[in-house]
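In case you want the letters, here they are:
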Amino acid sequence: MNPRASRLQPLAKRFEPYQVERLRQAFPILAQRIYGKPLVYLDSAATSQKPQAVIDAMSRFFLEENANVHRGVHYLSLRATEAYEQARAKVQRFLNAAHAEEIVFVRGTTEAVNLVAQTYGKVHVHAGDEVLISAMEHHSNIVPWQMLCEQSGARLRVAPIDDSGELLLDELERLIGPRTKLVAISHVSNVLGTVNPIRRIVELAHAQGARVLVDGAQAAPHLKLDVRALGCDFYALSGHKMYGPTGIGALYGRRELLEAMPPYQGGGDMILSVSFDKTLYNKPPYRFEAGTPNMVGAIGLGAAIDFLTSLDPVALAGHEQAVLTYATQALTAVPGLRLIGTAADKIGVLSFVLDGIHPHDIGTILDREGIAIRTGHHCAQPLMQRYGLAATARASLGCYSNQQDIDALLAGLAKVQEVFR
Amino acid sequence: MSDALRELYQEVIVDHGKRPRNFHVLEGATHTAEGFNPLCGDQLRIYLRLADGVIEDIAFQGQGCAIAQASASLLTLAVKGMRQEQALALFARVHALLTEGPGSQAAPETLGKLAVLAGVWEFPLRVKCASLAWHTLRSALAGDPAPVTTE
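Reading guide: rules and limits
Residues numbered from 1 in each chain as written. Chains lettered and ligands numbered in written order. Predicted model: local features only at pLDDT ≥ 70, side-chain atom pairs only at ≥ 80, totals over all residues. Contact = placed C-beta atoms within 7 Å. Helix = DSSP H or I, 4+ residues; strand = E, 2+ residues; numbered from the N terminus. Nonpolar A, V, L, I, M, F, W, Y, C, P; charged D, E, K, R; others polar. Domains from an automatic or database assignment. Core = buried A, V, L, I, M, F, W, Y, C linked by C-beta atoms within 7 Å. Buried ≥ 20, exposed ≤ 12 C-beta atoms within 10 Å, placed from the backbone. Pairing = 2+ DSSP bridges. Axes fitted to C-alpha atoms, helices over the stretch in contact; angles between N-to-C directions. Parallel < 35°, antiparallel > 145°, perpendicular 65-115°, else oblique. Left-handed = near helix turned anticlockwise from the far one by under 90°. Expected span 1.5 Å × (residues − 1). Arc of directions from axis to C-beta.

Q: What's the story with the interface of chain B and chain A in this structure? I'm lost.
A: Often, the extent of an interface is quoted as the loss of accessible area upon association of its parts. Taken together, the contact pairs 17 residues of chain B with 15 residues of chain A. At the level of secondary structure, the elements contributing two or more residues to the side of chain B that touches chain A comprise α1 (3-8) and α2 (11-18) of chain B. Taken together, the residues of the side of chain B that touches chain A break down into 11 nonpolar, four polar and two charged.

Here it is as structure tokens:
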């Protein structure tokens, strides 16, 4: 192991109680200055920053192990294959899946949802059937289902939410019926921060024979995950939201479901044998991984999981909740500010609007203070319509966020209000 | 606050952003076009009444950031009473100002109130906000039915 990476492990173990300042040192980018001001990174829900251990693991792969996986008989190919499969095993343990074959590497959550829609969906969703999503979904958990419904003649139904951003479970229960083939729901909303009651939703869906796909993109960096405890049939996540690289993600699928699913894309690695008359498909997960995979991405995702699991989950959650509570109280006290998303169970996403000031003007003024937030519709236009908004400003937290970040945000918002006084 | 920010959010911009002029539907409009930047959520519709090649009246409605609203508001004040070709020539000069900055051929001092848009040049991500109304005007004059976007 790289000496820098190995030093990080014991350091991470010493975050008891959670020592955020120590942890920040593991993220080199956070030491940067923007327009001469210290970087205040409050856009982790868009993408998280990367710890040195992830950067090192990826460069080490290129420096020492790079070769194509599952193909060569030579030494490096074997090592690369081992590293790639170890990364799969890390995802399996991270999700507490029963088998490594239940983990399919994909480009990210978006590809995972599309994969399920175009394989499981194509086989099992027909004209007259229904796919149920919620009003708080990201476009990536809406559009693939709309495409499937257009192809199959099935109907897309939408479970509503209340003003605080919580799912209306009674309504959801009413919407699940014998025609419901699939329920696709986010574990955590990228706009509202709401944590959805997945176990309950799975119970309701399974009682009617429907399968459940969980979009875990926003949950993976914050919550302890256990797909067997959740009982879901599919779970999707993205590496770059959880301190890993872009271009890699994972789809968990129950083994018996994956085994019965047709391939997603055709190509190398997804076959057993090919002739011009007939091709025999490989078994899962390889059936769904056509072409040379994103090997270094998988290595990086594995390193990100090592990093995340090196943190005490209770301390991590405690710290993130403490910063969220501080931020919520601070923002609530800003005159003319309205928080969008105030569910009882939520993680560190703070969407807000300011009276008479457009989110993009907020974003530009904060940017010049070195503060990075997201503004816009956050790839959730139907949710924006639900609140009658074109856009919001969104500050989102990561494991490295601290009180100073929130204090800087408040000072920045005071400047915004001064400009528009 | 940085000088660039002060330059961007000049009083005129903030004022027109908050209280856009000619902000209404125009009765008897002969030309109209819609501009929409879906990533931002900036949306506006320009209405104009053209007679003998002269923009007799112009108005707009929509929602967006201060830069987009102010740019549209200033546009309506600037082109009202202009001949169609004068308005198009002004479009070209404003476009140059936004994309090339104060050093462009379009000398800001000859642009009157529109010179306040010079500050946008230093904010590449906001040029699309300022230029949306202008592209929409051009589309309305051309009678192009497709919505305009500057993203």
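Q: I keep staring at the environment of Gly412 of chain A and nothing clicks. Help me out?
A: All names here are of chain A. Along the polypeptide, Gly412 turns up in helix α16 (residues 403-419). It is 9.0 Å that separates the C-alpha atoms of Gly412 and Asp367, two residues lying 45 residues apart in sequence. Apart from residues no more than four positions distant in its own chain, Gly412 is found in contact with Ile365, Leu366, Glu369 and Ile371.

Q: In this structure, what is going on with the domain arrangement of chain A? I would like to understand it.
A: Residue and element names in this part refer to chain A. Along its sequence, chain A is carved into domain 1 (3-50 + 312-419) and domain 2 (60-309). The centre of domain 1, based on its C-alpha atoms, is set 27 Å off from the matching centre of domain 2. Domain 1 puts 25 residues into the contact, and the matching count from domain 2 is 28 residues. Per element, the largest residue contribution to the side of domain 1 that touches domain 2 is three residues, and it comes from helix α15 (residues 381-386).

Q: Before we go on, may I ask you to explain the nonpolar core in this structure?
A: Looking at soluble globular proteins, one finds that nonpolar side chains tend to be buried together. In terms of nonpolar packing, the biggest core is built from 169 residues, with Val131, Val183 and Ile299 of chain A together with Ile46 and Ala133 of chain B touching the most fellow members. Here this core takes 10 residues from helix α12 (residues 295-310) of chain A, the largest share from any one element. Two domains each donate at least three residues to this core, and these are domain 1 (3-50 + 312-419) and domain 2 (60-309) of chain A. Once residues within four sequence positions are removed from consideration, Val131 of chain A is found in contact with Val125, Trp145, Leu148, Cys149, Ala154, Leu156, Lys181, Leu182 and Ala184 of chain A.

Q: Sorry if this is basic, but what is going on with unusual backbone geometry here?
A: Note: most peptide bonds trans; most residues except glycine with negative phi. A cis amide bond, omega 5°, links Pro284 of chain A with the succeeding residue Pro285 of chain A. You can see Pro285 of chain A is positioned in the loop between β12 (279-281) and α12. Here Asn22 of chain B, not a glycine, exhibits a phi torsion of approximately 50°, which is positive. Note that Asn22 of chain B resides in the loop between α2 and β1 (31-37). The class of Asn22 of chain B is partly exposed, set by 18 C-beta atoms lying within 10 Å.

Q: Which parts of the structure should I look at to understand the sheet that holds strand β17 (residues 392-396) of chain A?
A: Backbone hydrogen bonds hold the strands of a sheet together, and the pairing may be parallel or antiparallel. All names here are of chain A. Taken in spatial order, the four strands line up as β13-β14-β17-β16 in an open sheet, and their pairing is antiparallel. The strands lining the two open edges of the sheet, one partner per strand, are β13 (337-340) and β16 (374-376). Each strand axis lies, on average, 30° off the axis of its neighbour in the sheet, ignoring direction.

Q: What is the right way to read the packing of helix α13 (residues 313-332) of chain A against α16 of chain A from this model?
A: Each pair of packed helices can be summarised by the angle the axes make with each other and by the distance between the axes. Residues and elements named next belong to chain A. Two elements in contact, α13 and α16, have axes whose closest approach is 10 Å; the angle formed by their N-to-C orientations is 15°. On the basis of the axis angle, α13 is roughly parallel to α16. Taken as a pair, α13 and α16 cross one another with a handedness that is right-handed. Together, Val323, Tyr326, Ala327 and Ala330 of α13 and Gln403, Ile406 and Leu410 of α16 make up the contact between the two elements. Of the residues contributing to the contact of α13 with α16, the split by class is six nonpolar, one polar and no charged.

Q: Looking at this structure, I do not really get the sheet that holds strand β7 (residues 180-186) of chain A. What am I missing?
A: Residue and element names in this part refer to chain A. Reading across the sheet, the seven strands line up as β4-β10-β9-β8-β7-β5-β6 and stay open at both edges, with mixed pairing between neighbours. Each of the sheet's edge strands pairs with one partner strand only, and the pair in question is β4 (103-106) and β6 (155-159). Going from strand to strand, the sheet's axes swing by 20° on average, the running direction of each strand aside. Here β4 pairs with strand β10 (residues 249-253) via four bridges, running antiparallel. Opposite Phe105, over in β10, you have Ala250 as the bridge partner. Along the sheet, helix α4 (residues 75-95) makes contact with β4, β9 (234-238) and β10, crossing β4 at roughly 115°.

Q: Help me out: how do you make sense of the pairing of β10 of chain A in this one?
A: Put simply, side chains in a regular strand alternate between the two faces of the sheet. Residue and element names in this part refer to chain A. Burial of β10 is extensive: five of the five residues sit out of reach of the surface. What you see with β10 is no split at all: Gly249, Leu251 and Gly253 on one side and Ala250 and Tyr252 on the other are buried throughout. Note that β9 and β10 share five bridges and pair antiparallel. Bridged to Leu237 within β10 is Ala250.

Q: Is there a simple way to explain the environment of His31 of chain B in this structure?
A: Residues and elements named next belong to chain B. Here His31 is to be found in strand β1. Put simply, His31 and Leu48 are 17 residues apart on the chain and 5.3 Å apart in space, counted from C-alpha to C-alpha. With residues up to four places along the chain from it excluded, the contact list for His31 reads Leu48, Leu50, Ala140, Leu141 and Gly143.

Q: Would you take a moment to explain helix α4 (residues 84-100) of chain B for this structure?
A: Residues spaced three or four apart along an α-helix point in a common direction, a consequence of the helix completing one turn every 3.6 residues. Residues and elements named next belong to chain B. Between its first and last C-alpha, α4 extends 24 Å over 17 residues, near the 24 Å set by a 1.5 Å rise per residue. Restricting attention to buried positions, one finds in α4 the residues Ala87, Val94, Leu97 and Leu98. Projection of α4 onto a plane perpendicular to its axis shows the buried side chains occupying an angular sector of 90°, all on one side. Opposite the buried face of α4, by more than 90 degrees, sit the exposed residues Glu85, Ala89 and Glu100. Considering only its buried residues, α4 is in contact with β3 (54-63), α3 (66-79) and α5 (127-142). Gly101 lies just past α4 and shows a positive phi near 85°.

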